[in-house]
Amino acid sequence: MSLRKLCFAALLLLLSGPAATAVAAEVSVASQLRFGTKMAQRGLWNEALFRFRQAERLEPTNARVLNNIGVALEAVGKFEEAEATYKRATQTDPANVQVKKNLARFVEFYQGYKVK
């Protein structure tokens, strides 16, 4: 077997293992987050939520993904689900300042909303 074929075969083995799956998932999560964020910026919150849910399938314990889902759920008026998702994001990454801020802001809003 030539050196070129041997290198190609080794590359294929490397790319077909768990590392390739992890890299593909990382790229896919990132692309779903980017696309979801673009949709949110356009006010297309249901599409954004769909994209964030796709990212969640790949990384169900990613606090950033869960935070984005919480924001999208809030935007479409699913407040109880948004609160549960923010809390899940906080439990997943207790040190994440952005998630903590979003949860605190949401709780303040939601308590006022429920009183009305």
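Scroll up to find the structure.
Our subject in this report is the structure included herewith. All values derive from a computational prediction rather than experimental measurement. (Residues numbered from 1 in each chain as written. Predicted model: local features only at pLDDT ≥ 70, side-chain atom pairs only at ≥ 80, totals over all residues. Heavy atoms only, no water.)

So, the environment of Asn 68
Then comes step 1: The residue Asn 68 is located in helix H4 (residues 63–75) in this model.
Then comes step 2: Among the residues examined, Asn 68 registers a relative accessible area of 14% and is labelled buried.
Then comes step 3: Residues Asn 68 and Tyr 86 lie 18 residues apart in sequence; the distance between their C-alpha atoms is 8.9 Å.
Then comes step 4: In contact with Asn 68, not counting residues within four places along its chain, are Leu 33, Thr 37 and Phe 52. (Helix = DSSP H or I, 4+ residues; strand = E, 2+ residues; numbered from the N terminus. Buried < 20%, exposed > 50% of the residue type's maximum accessible area, 1.4 Å probe, protein only. Contact = heavy atoms within 4.5 Å.)

Notes on H4
Then comes step 1: Across its 13 residues, H4 extends 18 Å between first and last C-alpha, which sits within 8% of the 18 Å expected from 1.5 Å per residue.
Then comes step 2: Buried within H4 we find Ala 63, Val 65, Leu 66, Asn 67, Asn 68, Ile 69, Gly 70, Ala 72, Leu 73 and Glu 74.
Then comes step 3: At the exit of H4 stands Gly 77, carrying a positive phi of roughly 85 degrees. (Expected span 1.5 Å × (residues − 1).)

As for the nonpolar core
Then comes step 1: Within the largest apolar cluster, 18 residues are counted, with the highest numbers of intra-cluster contacts made by Leu 33, Phe 52, Val 65, Ile 69 and Phe 106.
Then comes step 2: Contributions of two or more residues to this core are made by helix H2 (18–41), helix H3 (45–58), H4, helix H5 (79–92) and helix H6 (97–115).
Then comes step 3: Among residues more than four places away in sequence, those in contact with Phe 106 are Glu 74, Phe 79, Ala 82, Glu 83 and Tyr 86. (Core = buried A, V, L, I, M, F, W, Y, C linked by side-chain atoms within 4.5 Å.)

Things to note about the packing of aromatic side chains
Then comes step 1: For the structure shown, the criterion picks out six aromatic pairs.
Then comes step 2: Look at Phe 79 and Tyr 110: their rings are 5.8 Å apart centre to centre, the planes differ by 50 degrees, and that puts the pair in the tilted class. Of this pair, Phe 79 sits in helix H5 while Tyr 110 sits in helix H6, placing them 31 residues apart in sequence.
Then comes step 3: The class for Phe 79 is buried, based on a relative accessible area of 14%.
Then comes step 4: A relative accessible area of 7% places Tyr 110 in the buried class.
Then comes step 5: Where Tyr 86 meets Phe 106, the ring centres are 5.5 Å apart and the plane angle is 50 degrees; that geometry is what we call tilted. With a gap of 20 residues between them, Tyr 86 in helix H5 and Phe 106 in helix H6 connect regions that are remote in the sequence. (Phe/Tyr/Trp six-rings, centres within 6.5 Å; stacked < 30°, edge-to-face > 60°.)

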